[in-house]
Structures are given as structure tokens and as C-alpha cells.
Amino acid sequence: MKAFEYATAFSTASARDLLADDGAYIAGGNDLLGRLKEYLDSPPRLVNIKAIPGLDSIQHGDDFCTIGSLVTVARLETDPRIRSLFPGLQQAAAEIASPQIRNVATVGGNLAQHSRCWYYRQRDIQCLKKNGDLCYARNSDNRYHSLFSGNDCISPVVSSLGTTFAALDATAVVLSQGRELRWSMAEFYADAWKMHLAHNSLKPGDLILRVEIPLSRPRSAYLQASDKHVFDWALVSCAAAADFVDGKLTSPRVALGSISPVPHQMDKANQFLEGKPLDSDTVAHAADLLLAGAKPLEHNAYKVPMAHALICRTLLKLKG
Amino acid sequence: MRAILVKAEPAPSFVVKEQDGLDPDSPQVWEGSANASTPRTRENGNVDQAFGQCAAVIEGFYTTPVQIHNPMETHGNTVSWTGEGITAWSSTQGISSVRDGLAGALKMDQSKVRVITDFMGGGFGAKFGAGVEGVLAARLSKEAGAPVRLMLTRFDQALAVGNRPSSFQKIKMGALADGTLHAFEMENYGTAGIGAGGDAGGGGGGANIPAPYLYKVDNARVTQRSVAVNAGSARAFRAPGNPPASFGMESAMDDLAVKLGMDPLDFRLKNDPSPIRRKELRLGADKIGWKQKYRPPGTCPGIVKTGLGCAGAAWPAGGGSPFTQGEAQINPDGSIELRLGVQDIGTGTKTVIAVVAAEILGLTPEQITVRVGDTQYPAGPGSGGSTTCASVSPTVNDVCNQALDQLQKLSGMADARGQNWFDACKKLGISPLTVHGRWQKGLSSSHACGVQFAEVAVDTETGLVTVQKVVAVHDCGLIIDQLTLASQINGGVIMGMGYALYEERVMDDLSGVMLNPNFETYKLPGIADVPDIEVVLVNMPERGVIGIGEPSTVPTAGAIANAVANAIGVRVPSLPITPAKVLAALGKVPPSIKS
Ligand SMILES: Cc1cc2nc3c(=O)[nH]c(=O)nc-3n(C[C@H](O)[C@H](O)[C@H](O)COP(=O)(O)OP(=O)(O)OC[C@H]3O[C@@H](n4cnc5c(N)ncnc54)[C@H](O)[C@@H]3O)c2cc1C
Ligand code: SF4
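Residues numbered from 1 in each chain as written. Chains lettered and ligands numbered in written order. Predicted model: local features only at pLDDT ≥ 70, side-chain atom pairs only at ≥ 80, totals over all residues. Heavy atoms only, no water.

**Some details on the overall build of chain A**
What counts, and what does not: A run of H or I in DSSP becomes a helix once it reaches four residues, and a run of E becomes a strand once it reaches two; helices and strands are each numbered from the N terminus. As a reference, a globule follows 2.2 Å times the number of residues to the power 0.38, and the radius of gyration itself is taken over C-alpha atoms. Exposed residues in this analysis have more than 50% of their type's maximum accessible area, buried residues have under 20%, and partly exposed residues fall in between, with area computed by a 1.4 Å probe over protein chains only. Method for areas: the Shrake-Rupley scheme with a 1.4 Å probe, in which residue coverage is limited to the protein chains shown.
When helices and strands are tallied, chain A shows 14 helices and 11 strands. Rg of the C-alpha trace for chain A: 19 Å, near the compact-globule value of 20 Å for 320 residues, within the 12% margin. Counting every position in chain A, which comprises 320 residues, the buried fraction comes to 58%. For chain A, the computed accessible surface area is about 12,700 Å², with 51% contributed by carbon and sulfur atoms.

Below is the structure:
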């Protein structure tokens, strides 16, 4: 990697100042340092945000649980209250990478991590997302890529937390030019859907402060399918959340990861599930609705049946 | 390294996939010669006629990918070049070959080059010579007037220092009604990358594989060729040629057994000419519960289906090197040091040396100080071909027997072993006794066998394969140390499992680059993937010492692949057996949409 300056910020304001035009925030560093080592990015300055007070706490309110952007993935995995309020979030956290990575990986960094497309991460390739003029994956080995995309880049969102937050209808609070923006997960990743250069909707200098999760969905679940049993990226991931009263779903939401640049959601599927019991026909139909319009490419069509199975299983898991 | 400016032009055209290289019009890797070598054919008996006599014939196309060695420690050295000469601390399987390589490349006397390998983090066949990186480190050290440490990055390691060639095996095989194998035909091609493989001392890194593997077939025709592609060159890799050969042949064996309506175990017992392996097949079948658990392919109920499979190994090497030497220094205080110019590549060579010495001298292994990994000690072979154990054991036997003899003479004690040891050593006065010895005939042999059984569970909706159990039955002559032996077999099984399910070098034919030069997308088994491994040892003291490192990784992939086929009722003929391929074999994958 190239030499860089390193500065530690003690407030959100100083973080923004220290960043200037061309620095990069560093939290756990799992994603950023990999990019620096591969010369994908070479910011002249890293701004350590981990000393900013208040961003590493979990707060429980009457209607929301608020998770600071510096809370680690390991904490989401082990905190007993998270486990009981949002079992799906705990399950998602527990599947991420390895214990070592989870110990330092943060919620903010996990949401804001960049594409894992193997062309993008290959130092010798200059693809569309790196200002080149070709999406290699679209024309070549796309086994890990999206079934849906709104632009020429088919690199999928890989944040397991992002996918689970989408199902939980969480809001990310982002400090942008002195103002707090409130984004749904769809909004957080909207730019990645539209524009091949974007990994998410953050603009330079934008700082994720926290994520607010409504308490209205006491049931949640997360499942992923990978090539290996642990320490492997999801080929497809699925999160679902709802309330389940008298054997019927209320406010159900399903989101899928690794098949679209955004956590993949379909209003139609959520609407269909409203008020329905959890049986195999219902979940299978919801899966059909979620996957309608999928555009499998040469090497990733296996994701369609895999996603279908995961949707059914994740929904059925909501029964408890 | 980034300070070095390399001026190079990307090749205007290239070929990275084996299938493409077969095309005579594919861009030539080596100017003026076709990428695909001229096919070479061997035939025994009359194959065409024999197929006509068969009661059942199967045809399959079994493929294995290029596998990267990926030792935990990458290739590299620390080299110090001073007025006294060169000292290199190397990550190597062959301290002598590195010394000779450095001396040759740098025009130095061999006596002025010393190579030290105290410990090393794996090589698997890819670490014999000094390598470009070793010579470079030495040159830089000379220029800098200081020691230089140069370890390859994971990226370099994946690209430039070896791999196991791929194989694309088209097999047609037939048996008579009584289950006797009768006709075999194979056309195979594979790639060793831009070169034919083979680093100094490493042996066969070529793309040819032994066939028909293990079993006796009277009528056999085998055609093989290698295909050059613009990708990293092969080197010897743990049991070169054998894991792909075992996978192809053993897959065909199960497919043919199914077609014949025979139990695959009985089919093997009928056709395997090796009495050792037949015994091992019976032992392993008992341990895994074959009789109770085996069911016809695809008949396991439920979404997650279990299955059983087995496969065998043959390893022609494993014998000792007659050139191995060693010495013992016995000190008046009773301490003893064994010195051999071999290297312990993580396999437990030092333990083996201590165990043999201790037994002869009536001491405990802890009392023996073992020194290896230094070219200043009496020379020994490189650690390749599973030869180290069978090289050092007879050598240590000779050294220790001679030393004991001399100690008894010098001390005047009839038996200096065990309890008498310290008294005898005290009589040496002030000067230690140093004794030199060499490898002796008759205490080792070669040709280990082995069979493995696998039990798997396959999720037919997500395609994920879970290996639940592997029973590994192996022989290696006289067992010297059970713990290090079992450790070799565990490691062999885990590596074989990676080959079966996860590992694959992915070359991109659009850009020509390797897409997975890291442990993120070049997938390796982790602890949670590793099954319960039961090691069953067949001790055959009458055969002397034989190495085990290589045969233990040969049959795993075939056994797992057969277990998967048994579970789901269809074959995934291509390694690695990924969820995507399992779903495809089950006919669950929809067609892609052309954009
Ligand atoms: C082998 C492997 C497997 C993995 N598997 C998974 C998986 O299955 N699922 C999954 O979700 N992840 C997975 N990960 C990714 C890992 O979880 C992320 O890299 C990690 O969560 C990033 O968090 P961090 O704090 O280390 O981020 P950093 O590397 O510090 O930051 C990542 C990016 O976010 C920016 N950033 C950080 N914090 C903020 C903030 N508060 N506001 C604005 N921008 C910010 C940084 O500038 C940087 O661009 C895996 C990683 C590896 C290496
Ligand atoms: S999918 Fe996106 S990141 Fe990957 S090669 Fe295409 S443009 Fe680049």
C-alpha cells in the first residue's frame, strides 16, 4: 500500500475536517485496508473514527433500538438483548466472516463496505466500476453476481447486516454536510442500483452515525447459503421479519442479499404475505414473487433455486 | 518491489482455458508450436473388440481443476551475503537443492553457501529449488550489504510458483456380466500452464496421469496430451497425477457398478489386484458401517440426503534415498545430538528421528536432541515423493547402532543402553564421541496403498455438501510414530476434501488474469468444514519403513464424489463439487437469459 497520514478524530465535526477532500474514514479497517493493499484506493489520509464518543453504544427506546455505527459485529452476535429482540440480526452477525473479523468489524463499515466483485478486487483489472469501460463479470465469470441490477454493473450488495436491516425496516442516520439524513436501506444503496461507480449512496464525507430499528417485528430470521460452512461469503442470503399473531403474519418483510446491488425486496411479496399463515404454499408463492423478473446470467442461474429455498426456509423459521 | 519499473506489453491475444487451447487456431503460447501436444496412445489387448463383449459399459467426462499448493507460509528466503559467503534461511523442502541452486546461479563454491531451514510452513512439492525469489534476495543482499528478507505475497504465490495440472478425462469402461472389468478407454488432456512443470528435484509436474488407475483391465487404451495455456506453470504437487487419476477412475468404477447393479464395494473387491487394498477395503467398510448404511443411489428420503462412497490410492514412491547420511554426537554428560541434513517440512521428521534413536539406545525420545535443516550437517535428500521417513529411519538406525557399539567399546560396558547410558557416557572423559552413518538397505520399501470411505450429507435445495465422516485406512510398512502418522493422514484428508469441494484456480478468459489469487475466493477447508476423520492403520513391519505423506491425500476426492453421487442419485463429474454444480446436476437450475 502507499504511505498515508493517519489522524484520529474525537468528534464528528473534527472527523469531517480531518477528512478534507480526499481522506477515508477508517473504522475496523477490514475492508479499507484490503483495498489499500491491493492499490484499489490510495487515500493520502486515514481518519480513525473509533474515538468519537457515543457511536459505539446500543440504546433501547420504547419503539426503537438504536445501534451506533461503531458497534462491532461481534457485539450484535453476543448481546443477549439483541438476540431476543432481533434474532435474525444476531444470526446474520454470527455468519459474517470469522470471529477475528467480527471482533473488529463495525456496523458502519459493514454497511459501507465496497464491492467484493472479483474483477473489482483484482488489481490488474480496470472494470466499469473502476472507471474502465467494460463490465467483465457480465461478459465472463459471473458465478457470484447479481440476478437483478439497475445498471451495467452487476456486483451485488454483500452486507449481511444491510440485508437484515432491510427486513427489519431499519433507518440509517447519516451525517451529511452538517445535516442528519434518514435513509431506509433501499435509499442507503439506491445509488448502487442506479450507477455503476457507486457502492452505496454515501457521498464523500458522509458519516454513518447509527441505525434505528423499529421494535414492531418481534420475529426475525436470517439464513445464507455459501460454498463452505463458515468463513465464506453468502452466495445468497435471506432475512425476514414480521410479527406473528394468531398464526398470521403482520408487517412481514423479506430481503435478499448477494443477488442485487441493493438488498432485494419486492413490495408485492410483502403485501401478499400480510395476514397469511406460515405454510409451505404461502412461502413458496412469496418466493416466486420475490424472484419474478430475475435475470440469470451464464454462471449464476443456480442462485434462483437457491434463493427460492432460502426464502421458504427463512420465512418458516419465523414460526419459531 | 513497487519501486521496480517493469516495461511489458500485454499480449494481444492469449488462451487460458484448456478447452480453448485444444483448438489448433488458438493463440500460441509458445511461438511456432501448437498449444496441444501430439496425443500419445498406449494400448493393451484389443479394446474395440472387448467393449463388444461387455455386459455393461459407461461413458463419463470427469474433470479436475488446477489446484494451487497454497502452503500457509509462502515461498521465500532471508539471505545474508557477506565476505564469508552466503547464508540463506529458506522456506524449502530441499536445503541441499537450494544450496546447489544458489551456488550455481551466483557462481559461488557450494562450500560457501549455507542453507538453514529450522521450521517451514508447508511446501507440498512446490518448494525445492532456490527459485527466482531466492537468487534475487541473494543479489539484493550483496548490493545492500545487509540481510534481505523476501517472501512472496499470497498473490505472487498463486500466480508464479506452481500448481497441480488440471485433467479432463473422457472415460469409457465396460465389465463382463460377472463384474470383471474388461475394457477401458481414456482420452485425457490437462494443462501444466506455460511450462511442463518440474522444479529442480520436484519431479513430475506434467499433465499426464496414471491410467487405468489401480484396477486390472485386460484391454485398455489410453491417450493423453497436455495443453499449454497462458497461466502459471505446474510443479510437483503432493502425489503428482494421483488424486485426479483416483477421482476419474473411481468415479467411473461407481458409475459402472451402478449400471451393473453391483454394490460398488464388491465391484472393487473383485477387480482390485492388490491384496493389501482389498484388506483395507474390508476394514474400512466395517468401520463406516457399509453393510448397514449403503443404499442404492438417490434412495435416501428427505431434502438432505446422505450417501456413502469409497476410493483407493497407490503410491509407487515412499522408499528411502540411499544417499542419506547422518551423525550422532554423544557427550560425556549423556546428552546426545543427532544431526541430519534433511528438513522437517512440518511432517514430524524430527520426532521420527528421536523415536528411532531412542528405541535403539534405550532412551526416551525427549532425551534425543535432533538437529536437521542445515547444510552443515551430513547430507540428506529433499523431502519429495514421501521419501524422508524411509530415508532417515534406516540412517538413524545405522548411526545409533554404530554409536552404541563404539560407546560400549570405549566404556568397556557390555550394554550401554537404558539405565547404563549415563555411566557409559561418563567414561568418555572429556571428549564427545562423534559417529557417522548412512542409509542401509533392507529396512524400508516403497508402494503404499490406502483406501478411504466418505459419508456425506447433501442439501438438495442449497446444494451444500457436508462431509460427515471419513474413514482413512492406510498402510506404510512399519509404523514408527502413530501421532505424526495420523497427523499426515488427517492433513491428507483435509487437503483432499478441499480438492473435492472447494479448490479451483479460476482463470478469466476475457482478461487473462487469475480471479482468485487469495484465500477469500480460492476456497480452502476451514475447521468447521472438516469431518470426523477416523484413521485406521495397517502396520506391516515386515515391509520396513514407507512414507505416507502423499498417498493419504489421493483417494479423498474420489470417495467424497462417490458419496455425493450415491446420496443424490446423479453424478457431479467435475471437481470442485460446488453447490452450483450440485443444483445443476439435480436439474434445478433454470436457463440463463442472454443479455
Ligand atoms: C473473508 C471475509 C468474509 C466476509 N464475509 C462477510 C459476510 O458474509 N457478510 C458481511 O456482511 N461481511 C462480510 N465480510 C466483510 C466484513 O464484515 C466487512 O469488511 C466489515 O464489516 C467492515 O467493517 P469495518 O469496520 O472493518 O470497515 P472499514 O474497513 O473500517 O470500513 C469500510 C468502509 O466503510 C467506510 N466507513 C466505515 N465506517 C463508516 C462510517 N461510520 N460512516 C461512513 N463510512 C464508514 C470506510 O471509509 C470504508 O470505505 C467479510 C470479510 C472478509 C475478509
Ligand atoms: S460487476 Fe461491477 S465491479 Fe464487477 S466487473 Fe462488472 S462493473 Fe466491475
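Now that the structure is up, let's keep going.
**Details of the sheet that holds strand 5 (residues 64-68) of chain A**
All names here are of chain A. The line we're drawing: Here, strands pair whenever DSSP counts at least two bridges between them. Note on geometry: axes are lines fitted to C-alpha atoms, helical ones only across the stretch in contact, with angles between N-to-C directions running from 0 to 180 degrees.
The strand order 4-5-8-6-7 describes an open sheet built from five strands, whose pairing is antiparallel. This sheet does not close on itself; its edge strands, each paired only once, are strand 4 (58-60) and strand 7 (179-184). Across the sheet, the mean angle from the axis of one strand to that of its neighbour is 20°, orientation sign disregarded. In terms of strand pairing, strand 5 meets strand 8 (residues 207-214) through five bridges, oriented antiparallel.

**Digging into the interface of chain B and chain A**
Note the threshold: Contacts: residue pairs with any heavy atoms within 4.5 Å of one another. Note on definitions: buried area is the accessible-area loss of two parts on being combined, 1.4 Å probe, summed for both. A side-chain nitrogen of Lys or Arg and a carboxyl oxygen of Asp or Glu constitute a salt bridge if their distance falls within 4 Å.
If you look at the interface, chain B gives 38 residues, while chain A gives 37 residues. Each partner contributes to the roughly 3,200 Å² buried at the junction of chain B and chain A, and carbon and sulfur atoms together form 61% of this total. Broken down residue by residue, the surface that chain B buries against chain A is led by Leu515(B), Glu520(B) and Lys523(B), which jointly contribute 17%. Our enumeration of links across chain B and chain A arrives at six salt bridges.

**A look at a nonpolar patch on the surface**
Residues and elements named next belong to chain B. To keep things clear, this is the line we draw: Each patch is assembled from residues with relative accessible area greater than 30% and no salt bridge, linking like charges that lie within 9 Å and nonpolar side chains (Val, Leu, Ile, Met, Phe, Trp, Tyr) that lie within 5 Å.
Taken together, the side chains of Met 1, Ile 4, Val 6, Leu 136 and Leu 140 define a hydrophobic patch exposed on the protein surface, amounting to about 500 Å² of accessible area. Considering the arrangement of structural elements, one finds Ile 4 in the segment before helix 1 (18-22). Ile 4 gets classed as exposed once you look at its relative accessible area, which sits at 53%.

**Section: the site of ligand 1**
Residues and elements named next belong to chain A. Here is the rule we go by: A single heavy atom is enough: if one lies within 4 Å of a molecule or strand, its residue is considered near that molecule or strand. Pairing of N or O atoms within 3.5 Å defines a polar contact, subject to two protein rules: one partner must be a possible hydrogen donor and the other a possible acceptor, and residues neighboring in sequence count only if both atoms are side-chain atoms. Basically, the charged four are Asp, Glu, Lys and Arg, the nonpolar ten are Ala, Val, Leu, Ile, Met, Phe, Trp, Tyr, Cys and Pro, and anything else, Gly included, counts as polar. Domain borders in the structure are assigned automatically or taken from a domain database.
As a structural note, the neighbourhood of ligand 1 is formed by 29 residues, with Tyr 25, Gly 28, Gly 29, Thr 106 and Ser 160 the closest of them. Take Tyr 25: an N or O atom from its main chain is 2.6 Å from an oxygen atom of ligand 1. Between an oxygen atom of ligand 1 and a side-chain N or O atom of Arg 35, the distance comes to 3.1 Å. The set of elements that each furnish at least two residues to the shell around ligand 1 consists of strand 2 (24-26), helix 2 (30-37), helix 7 (107-112) and strand 8. The class makeup of the residues in the shell around ligand 1 is 15 nonpolar, 11 polar and three charged. When residues are assigned to domains, the shell around ligand 1 turns out to be shared by domain 1 (1-52) and domain 2 (58-113 + 155-317), each giving three or more.

**Here's the deal with the packing of helix 6 (residues 242-260) of chain B against helix 14 (residues 556-568) of chain B**
All names here are of chain B. The test is simple: Reported orientations rely on four angle classes, namely roughly parallel under 35 degrees, roughly antiparallel over 145, roughly perpendicular from 65 to 115, and oblique for the rest. What makes a crossing left-handed is the near helix being turned counterclockwise from the far one by less than a right angle; a clockwise turn instead makes it right-handed.
Two elements in contact, helix 6 and helix 14, have axes separated by 8 Å at closest approach and are oriented at 30°. Here helix 14 runs roughly parallel to helix 6, going by the angle between their axes. Of the two elements, helix 6 crosses helix 14, and the hand of that crossing is right-handed. Between helix 6, through Phe 247, Glu 250, Ser 251 and Asp 254, and helix 14, the contact on the second element is made entirely by Ala 557, Gly 558, Ala 561 and Asn 562. Class assignment of the residues belonging to the contact of helix 6 with helix 14 gives a composition of three nonpolar, three polar and two charged.

**Notes on the pairing of strand 9 (residues 167-175) of chain B**
All names here are of chain B. Within strand 9, seven of the nine residues are buried, which leaves the element mostly enclosed by the surrounding structure. Summarising the sheet, strand 2 (residues 56-64) and strand 9 pair through nine bridges and their orientation is antiparallel. Counted as the bridge partner of Phe 61 is Lys 170 from strand 9. Here eight bridges tie strand 9 to strand 10 (residues 181-190), and the two strands are oriented antiparallel to one another. What sits directly across from Ala 175, in strand 10, is Leu 181. Where strand 9 folds back on strand 10, the antiparallel hairpin that results is connected by five residues, among which Gly 179 adopts a positive phi of roughly 90°.

**Concerning the packing of aromatic side chains**
All names here are of chain B. Which entries qualify depends on this criterion: Ring geometry is summarised as follows: Phe, Tyr and Trp rings, the Trp one being its six-membered ring, pair when their centres sit within 6.5 Å, and such pairs are stacked at plane angles under 30 degrees, edge-to-face over 60 and tilted between the two.
Following the criterion strictly, the structure yields nine aromatic pairs over all chains and no others. An angle of 5° between the planes, with centres 4.9 Å apart, marks the rings of Phe 168 and Tyr 189 as stacked. Taken as a pair, Phe 168 in strand 9 and Tyr 189 in strand 10 lie far apart in primary sequence, 21 residues in all. By relative accessible area, Phe 168 is classed as buried at 9%. Summarising the aromatic geometry, the rings of Trp 290 and Tyr 294 are spaced 4.8 Å apart at their centres and angled 10° between planes, so their arrangement reads as stacked. The buried category is assigned to Trp 290, whose relative accessible area is 2%.

**Here's the deal with the sheet that holds strand 5 (residues 85-90) of chain B**
Residue and element names in this part refer to chain B. Spatially, 6-5-4-7 is the arrangement adopted by the four strands of the open sheet, whose pairing is mixed. With partners counted over all chains shown, the strands left at the sheet margins are strand 6 (113-116) and strand 7 (148-151), one partner each. Strand-to-strand twist across the sheet, computed as the mean angle between neighbouring axes with direction ignored, equals 15°. The pairing of strand 4 (residues 76-82) with strand 5 spans six bridges and is antiparallel. By the bridge assignment, Thr 78 is partnered in strand 5 with Trp 89.

**Re the pairing of strand 12 (residues 304-312) of chain B**
Residues and elements named next belong to chain B. Among the nine residues of strand 12, seven are classified as buried, and the element is accordingly described as predominantly covered. Relative to strand 17 (residues 450-459), strand 12 runs antiparallel, the two sharing nine bridges. Considered in strand 17, the bridge of Cys 310 is made with Phe 453.

**Quick look at the domain arrangement of chain A**
Frequently, the measure chosen for interface size is the accessible area that the parts lose on association. Residue and element names in this part refer to chain A. By the assigned domains, chain A splits into domain 1 (1-52) and domain 2 (58-113 + 155-317). A separation of 26 Å is found between the C-alpha centroids of domain 1 and domain 2. The interface is formed by 11 residues belonging to domain 1 together with 12 residues belonging to domain 2. The junction of domain 1 with domain 2 conceals about 920 Å² of combined surface from both sides, 68% of it contributed by carbon and sulfur atoms. The largest per-residue losses of area from domain 1 upon contact with domain 2 belong to Thr 12, Tyr 25 and Asn 30, which jointly make up 41% of the total buried on that side. Scanning the region where domain 1 abuts domain 2 turns up one residue pair in polar contact (both at pLDDT 80 or more). At the level of secondary structure, the elements contributing two or more residues to the side of domain 1 that touches domain 2 comprise helix 1 (12-19) and helix 2.

**A closer look at helix 14 (residues 303-317) of chain A**
Residue and element names in this part refer to chain A. In plain terms, the rule: Take the number of residues in a helix, subtract one, and multiply by 1.5 Å to get its expected span.
The end-to-end C-alpha distance of helix 14 is 20 Å, a good match for the 21 Å that 15 residues give at a rise of 1.5 Å each. Counting buried positions along helix 14 gives 11 out of 15 residues, so the element sits mostly inside the fold. Buried residues of helix 14: Lys 303, Val 304, Pro 305, Met 306, Ala 307, Ala 309, Leu 310, Ile 311, Cys 312, Thr 314 and Leu 315, and no others.

**Observations concerning the domain arrangement of chain B**
Residues and elements named next belong to chain B. Here chain B is partitioned into domain 1 (2-68 + 163-317 + 445-585), domain 2 (76-160) and domain 3 (325-438). Here domain 1 packs against domain 2, burying approximately 1,100 Å² in sum over the two surfaces, 62% of which is carbon and sulfur. Taken together, the links from domain 1 to domain 2 amount to zero salt bridges. In terms of residue class, the side of domain 1 that touches domain 2 is built from eight nonpolar, four polar and three charged.

**What about the nonpolar core?**
Condition: Put simply, a nonpolar core is a bunch of buried Ala, Val, Leu, Ile, Met, Phe, Trp, Tyr and Cys residues held in one set by side-chain atoms that sit within 4.5 Å of each other.
Membership of the largest hydrophobic core comes to 63 residues, with the highest contact counts inside it found for Met173(B), Leu181(B), Phe184(B), Val456(B), Leu501(B), Ile560(B) and Ile577(B). Among the elements that take part in this core, helix 14 of chain B stands out by supplying eight residues, more than any other. The residues touching Val456(B), leaving out its near neighbours within four places in the chain, are Lys305(B), Thr306(B), Gly307(B), Val465(B), Thr466(B), Val467(B), Gln468(B), Ile560(B), Ala563(B), Val564(B) and Ala567(B). Residues Ile154(A), Ile259(A), Val283(A) and Cys312(A) belong to the second largest nonpolar core, which totals 52 residues.

**Side note on the site of ligand 2**
Around ligand 2 there are 13 residues in total, and Cys117(A), Cys127(A), Cys135(A), Cys153(A) and Ile154(A) lie nearest to it. A breakdown of the residues in the shell around ligand 2 according to their chemical character gives 10 nonpolar, two polar and one charged.

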